[in-house]
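Tertiary structure, described
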Amino acid sequence: MKKIRYITLALATALTINSCDFLDETPQGILSEEEAKAPSSIEGLVTAAYSSLGNDHYDKPFSLWPYGTIRSDDAYKGGGDENDIVNFHFYEISENIKTDFGEADGLWFQVFQAISRANSALSVLKQTEEKSFELKNTRMGEMYFLRGYFYFMLKQVFGNVPFVNEDTPIADYEKTPNNLPNDKQWALICDDFKKAYDLLPAIQSQVGRVNKIAAAAHLAKAYLYKAYRQDNANSNVLTSINAADLEEVVKYTQVVLNSSYDLEQDMACNFLPGAYENGKESIFAIQFSVDDGTMFGRLNFSDVLSLPMGLGCCDFHKPSQNLVNAFKTKNGLPDFESYDTDNYRIGEDAVDPRLYHTVALPGIPYKYNEELIYEENWNRNINTYGIYASLKENVDPSCDCFKNLSPFYGNSKNRIVIRYADVILMQAEALIELNRQNEALSLINQIRERAKNSTLFIPYAKNLQVSLYQDGVNCTWTQDFAREALRWERRLEMAMEGSRFFDLVRWGIVTDVMNDFFTTESKRRVYLANGKFDKNKDEYIPIPQQQIGFTNGLYEQNPGW
């Protein structure tokens with residue numbers, strides 16, 4: 001972990017404690033111990049950790065679209081062709097993945113840089129007296145949250161990661177292995193979110209700072225992943241689902257459901273800029289900005305590549321035909337069995353309104369602007385990647401939040417990391433796996449009711465049809481049926497938000513889903529005929545070989561690589 005060590009040394013030298021007492025003069029640019037513990041310096045360390053949330057890049061995005069969406073059945077890579085960021089193409093088809101991909105190494109490095117910043121802030125905060133810095137506990141809670149958040153991100157993608165904390169000596173960073181049992185790794189992430197939950201206030205005075213409710217939501221999410229036990233020593237097989245962990249999911253999701261957060265009346269409000277940002281459904285969001293004194297502003301570089309070519313560049317992150325078909329309804333309910341038999345016909349087939357908030361469709365207004373019609377010729381490579389574009393992360397180009405970066409176009413709309421709808425679905429999932437599916441029925445119907453009402457911004461949409469589940473009327477609400485309904489609901493509600501692949505891995509069904517997808521979708525997108533998902537290997541991408549080299553072989557490679 002030499003890269004991280006260098007960063008931590010630099011932070012420790014520039015921002016924390018000067019222990020070089022053999023000099024006659026105080027070196028410039030280095031803080032004394034007293035200065036490092038001053039409120040202004042502590043706030044600088046905390047701000048540096050927060051700033052890491054936006055320190056990513058389009059080829060190492062923290063939105064995780066190459067790993068959580070295009071590795072799934074929800075999306076194609078997009079771009080010019082398969083060779084445009086070719087390593088993302090290999091992730092998409094689960095073939096030809098190598099251990100030395102620079103994009104994976106860059107993501108690992110950027111995330112550990114963020115973790116090291118949180119550790120630096122925590123190290124100083126722990127040495128600071130609360131009487132001299134009244135916000136000590138709050139700021140510590142924020143740093144525990146951020147560290148847990150970044151470790152959660154790493155674990156979803158890489159599976160087995162090393163854990164260093166604020167008490168880990170810098171010299172030991174390279175000596176920390178990545179071979180803890182899977183359950184122990186998740187327990188450490190839960191511990192960070194629990195510390196954050198215990199320390200944080202329910203309300204923060206500044207928008208963008210995490211609070212107790214955000215910590216509860218993430219703690220529940222970490223317990224949900226922890227509940228699905230995997231044997232990560234020799235394979236990634238789902239071995240059991242732990243009831244005690246699921247009870248923790250129910251407990252902490254209920255904290256969120258009892259809070260002032262709630263569903264937006266219309267789903268669209270979560271994905272619009274300006275006055276819609278930081279709304280009642282947004283529990284934690286990355287804050288972006290324009291006109292902040294920088295050249296372009298603090299823009300969302302995670303998703304800068306997904307803009308259609310008709311508006312700029314570069315037409316990546318393309319919704320799959322399979323996903324579009326999944327929004328079709330039959331008597332108002334999802335068509336579980338035959339949804340993918342025929343392709344969705346715009347304006348003709350009955351469909352869930354969420355399609356129009358998720359996917360740009362030819363002949364339909366783009367981002368609700370009826371003077372800006374999305375056309376097929378906006379697509380960069382129709383023969384390879386089809387005719388759809390992703391909507392949620394993008395904005396109407398008439399917005400002053402839309403910026404020309406030449407050749408790219410970015411925007412400053414916040415990116416929601418976790419929202420109230422996600423928490424509702426997490427609780428429903430836990431209840432179903434606890435064989436309490438009857439309690440989950442009303443939760444899933446809350447999401448469907450909101451979907452049914454999400455029509456304010458799409459008056460042009462035709463044949464919208466959503467029904468609630470009614471046990472004994474239009475369904476038989478057994479545990480198996482409830483599980484299928486939950487998983488389907490999660491796909492539709494969270495589509496293109498970077499979580500689909502990780503859901504499939506958690507549920508232990510990723511191999512069958514992805515190989516079925518390659519078989520059927522390759523009839524529409526020929527290049528997918530080369531796709532093949534290998535069980536007990538492709539659930540996680542390999543640990544970057546560069547990082548194994550930096551630790552002189554201490555890190556263990558993931559199973560199968």
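All values derive from a computational prediction rather than experimental measurement.

**Description of the overall build of the chain**
Counting its regular elements, the chain contains 19 helices and 14 strands. Taking 24 Å as the expected radius of gyration for a compact globule of 561 residues, we find that the chain reaches 23 Å, a close match to that expectation. Projected onto its principal axes, the C-alpha positions of the chain cover 80 × 50 × 45 Å. Per-residue burial for the chain yields a buried fraction of 61% across its 561 residues.

**Section: the layout of surface pockets**
For the largest pocket, the calculated volume is near 510 Å³. Around the largest pocket, the lining comprises 18 residues; the ones closest to its centre are Tyr 339, Trp 488, Arg 500, Ile 509 and Val 513. Those elements that provide at least two residues to the lining of the largest pocket are helix 16 (479-494), helix 17 (500-507) and helix 18 (510-521). Sort the elements by how many residues they give to the lining of the largest pocket and helix 18 lands first, with five residues. Classifying every residue of the lining of the largest pocket gives eight nonpolar, two polar and eight charged.

**Quick word on the state of the cysteines**
Per the stated rule, a full pass over the model turns up two disulfides. Disulfide partner of Cys 399: Cys 401, at an S-S distance of 2.2 Å. Disulfide Cys 399-Cys 401: torsion about the S-S bond near 130°, hence right-handed. Considered together, Cys 399 and Cys 401 belong to a single accessibility category, that of buried residues. For the chain, the bonded cysteines pair up as 1-2, 3-4 when numbered in the order they occur along the sequence. In this structure Cys 269 is a free cysteine whose sulfur lies 15 Å from that of Cys 399, the closest cysteine sulfur available. By relative accessible area, which is 12% here, Cys 269 ends up buried.

**Remarks on the packing of helix 10 (residues 243-257) against helix 14 (residues 420-433)**
Two elements in contact, helix 10 and helix 14, have axes whose closest approach is 9 Å; the angle formed by their N-to-C orientations is 150°. Overall, the two elements helix 10 and helix 14 adopt an arrangement that is roughly antiparallel. Once helix 10 is placed against helix 14, the crossing between them reads as left-handed. In this structure, helix 10 contributes Leu 246, Val 249, Val 250, Thr 253, Gln 254, Val 256 and Leu 257 to the contact, and helix 14 contributes Tyr 420, Val 423, Ile 424, Met 426, Gln 427, Ala 430, Leu 431 and Glu 433. Its residues assigned to classes, the contact of helix 10 with helix 14 shows 11 nonpolar, three polar and one charged.

**Some words on the pattern of salt bridges**
For side chains of opposite charge, pairing can occur when their charged atoms come near one another. Taken as a whole and assessed by the stated rule, the structure comprises 42 salt bridges. Two residues, Arg 490 and Asp 422, come together in a salt bridge whose shortest N-O distance is 2.9 Å. Residue Arg 490 is found in helix 16, and its partner Asp 422 is found in helix 14; the two are separated by 68 residues along the sequence. Of the two residues, Arg 490 and Asp 422, both sit in the buried class. Overlapping salt bridges, with partners in common, bring together Glu 281, Asp 352, Arg 354, Lys 392, Arg 419, Arg 448, Arg 450, Glu 489, Glu 493 and Glu 497 in one network.

**Side note on the confidence of the model for the chain**
Low-pLDDT portions of the prediction should not be read for the details of their coordinates. The predicted model of the chain averages 92 in pLDDT, with 93% of residues at 70 or higher. In the model, residues 1-32 has pLDDT below 50 throughout and makes 58 contacts with residues more than four positions away in sequence or in other chains.

**Some thoughts on the environment of Ala 495**
By the secondary structure assignment, Ala 495 is in the loop between helix 16 and helix 17. Taking relative accessible area as the criterion, Ala 495 reaches 0% and is therefore assigned buried. Ala 495 sits 426 residues away from Thr 69 along the chain, and the two C-alpha atoms are 8.2 Å apart. When neighbours within four sequence positions are excluded, Ala 495 is seen to be in contact with Asp 74, Leu 323, Phe 327, Thr 358, Lys 392 and Arg 490.

**Comments concerning unusual backbone geometry**
In the segment running from Cys 313 into Cys 314, the intervening peptide bond is cis, with an omega of 25°. When you line up the elements, Cys 314 lands in the loop between strand 4 (282-286) and strand 5 (316-319). At the junction of Ser 406 and Pro 407, the peptide bond is cis and its omega measures out at 10° in the coordinates. Looking at the secondary structure, you find Pro 407 in the loop between strand 12 (402-404) and strand 13 (409-411). Its identity as a non-glycine residue notwithstanding, Ser 94 has a phi of 60°, on the positive side. Among the structural elements, Ser 94 can be located in the loop between helix 5 (86-93) and helix 6 (102-126). Of note in this structure, Asn 536 is not a glycine but carries a positive phi near 65°. Relative to the elements of secondary structure, Asn 536 occurs in the loop between helix 18 and helix 19 (545-550).

**Some details on the nonpolar core**
If you look at the biggest cluster of nonpolar residues, it comprises 161 residues, and the most contacted ones within it are Met 143, Phe 145, Phe 158, Tyr 356 and Tyr 469. Examining the composition of this core, we find that 13 residues originate from one element, helix 7 (residues 136-158), more than from any other. Those residues within four positions of Phe 145 in sequence are excluded, and the remaining contacts are Asp 192, Phe 193, Ala 196, Val 210, Ala 214, Ala 215, His 218 and Phe 284. Core analysis: the second largest hydrophobic core is formed by 13 residues, Leu 307, Tyr 366, Leu 372 and Val 395 among them.

**Comments concerning the packing of aromatic side chains**
The full count for this structure, using the stated rule, is 38 aromatic pairs. The interplanar angle of 85° and the centroid separation of 6.0 Å between the aromatic rings of Phe 112 and Tyr 151 together place this pair among those described as edge-to-face. Of this pair, Phe 112 sits in helix 6 while Tyr 151 is found in helix 7, placing the two residues 39 residues apart along the sequence. On the basis of relative accessible area, Phe 112 is assigned to the buried category, the value being 0%. When its relative accessible area of 1% is taken as the criterion, Tyr 151 is described as buried. Ring plane angle 65° and centroid distance 5.2 Å describe the contact between Phe 152 and Trp 186, whose orientation is recorded as edge-to-face.

**Quick word on helix 17**
Across the eight residues that make up helix 17, a large majority, eight, are buried. Buried within helix 17 are the following residues: Arg 500, Phe 501, Phe 502, Asp 503, Leu 504, Val 505, Arg 506 and Trp 507. Just downstream of helix 17, Gly 508 is the residue with a positive phi angle, here 75°.

**Focus: empty space enclosed by the protein**
The rolling of a water-molecule-sized probe over the atoms marks out the regions of remaining empty space. Applying the stated rule across the entire model yields six cavities of 30 Å³ or more. As a volume, the largest cavity reaches approximately 560 Å³. In terms of lining residues, the largest cavity is bounded by 35 residues, among which Ser 63, Arg 415, Ile 416, Val 417 and Glu 497 are the most central. Looking at the lining of the largest cavity, the elements that each hand over two or more residues are helix 4 (65-69), helix 7, helix 9 (212-227), strand 14 (415-419) and helix 16. Residues that form the lining of the largest cavity fall into these classes: 14 nonpolar, 11 polar and 10 charged. Every residue lining the second largest cavity is listed: Lys 155, Gln 156, Asn 182, Trp 186, Tyr 225, Tyr 228, Gln 230, Phe 502, Val 505, Arg 506 and Tyr 540. Within the residue set of the lining of the second largest cavity, elements represented by two or more residues are helix 7, helix 8 (182-199), strand 2 (228-231) and helix 17. The leading source of residues in the lining of the second largest cavity is helix 17, at three residues. Here the lining of the second largest cavity is built from residues that sort into six nonpolar, three polar and two charged.

Each value, and the rule that gives it
- Residue positions are given per chain, counting from 1 as you read along its sequence in written order.
- Reporting in this predicted model follows two pLDDT cut-offs: at least 70 for local features of residues, and 80 or more for side-chain atom pairs to be given and counted; totals over whole chains, interfaces and linings ignore these cut-offs and use all residues.
- Working from all heavy atoms in the structure, the side-chain values ignore hydrogens and water.
- Where helices and strands are cited, they refer to DSSP runs of H or I of at least four residues and of E of at least two residues respectively, numbered from the N terminus.
- The size measure is the radius of gyration over C-alpha atoms, and the globule rule it meets is 2.2 Å times the number of residues to the 0.38 power.
- The buried label applies to any residue whose accessible area, calculated with a 1.4 Å probe on protein chains only, is under 20% of its type's maximum; exposed applies above 50%, and partly exposed to all values in between.
- For cavity detection a 1 Å grid was placed over the protein atoms alone, and a set of points counts as a cavity when a 1.4 Å probe fits there but cannot get out; an open set counts as a pocket when protein lies on both sides within 12 Å along at least five of seven lines, with lining residues being those that have an atom within 4 Å of a point.
- Grid points are joined across faces, edges and corners, and a volume is the space filled by probe spheres set on the points.
- Classes in brief: Ala, Val, Leu, Ile, Met, Phe, Trp, Tyr, Cys and Pro nonpolar; Asp, Glu, Lys and Arg charged; the others, Gly included, polar.
- In this description, the term disulfide denotes a pair of cysteine sulfurs within 2.5 Å.
- Working convention: axes come from line fits to C-alpha atoms, limited for helices to the stretch in contact. Angles between N-to-C directions cover 0 to 180 degrees.
- Reported orientations rely on four angle classes, namely roughly parallel under 35 degrees, roughly antiparallel over 145, roughly perpendicular from 65 to 115, and oblique for the rest.
- Handedness of a crossing follows from how the near helix is turned relative to the far one, being left-handed for an anticlockwise turn of less than a right angle and right-handed for a clockwise one.
- Note on contacts: a residue pair qualifies if any of its non-hydrogen atoms lie within 4.5 Å across the two residues.
- Throughout this description, the term salt bridge denotes a Lys or Arg side-chain nitrogen within 4 Å of a carboxyl oxygen of Asp or Glu.
- One number per residue, pLDDT, summarises how confident the predictor is, and it ranges from 0 to 100.
- Remark: nonpolar core denotes a set of buried residues (Ala, Val, Leu, Ile, Met, Phe, Trp, Tyr, Cys) joined through side-chain atoms within 4.5 Å.
- The rule is short: rings of Phe, Tyr and Trp, with Trp giving its six-membered ring, pair when the centres are within 6.5 Å, and they are stacked under 30 degrees, edge-to-face over 60, tilted in between.

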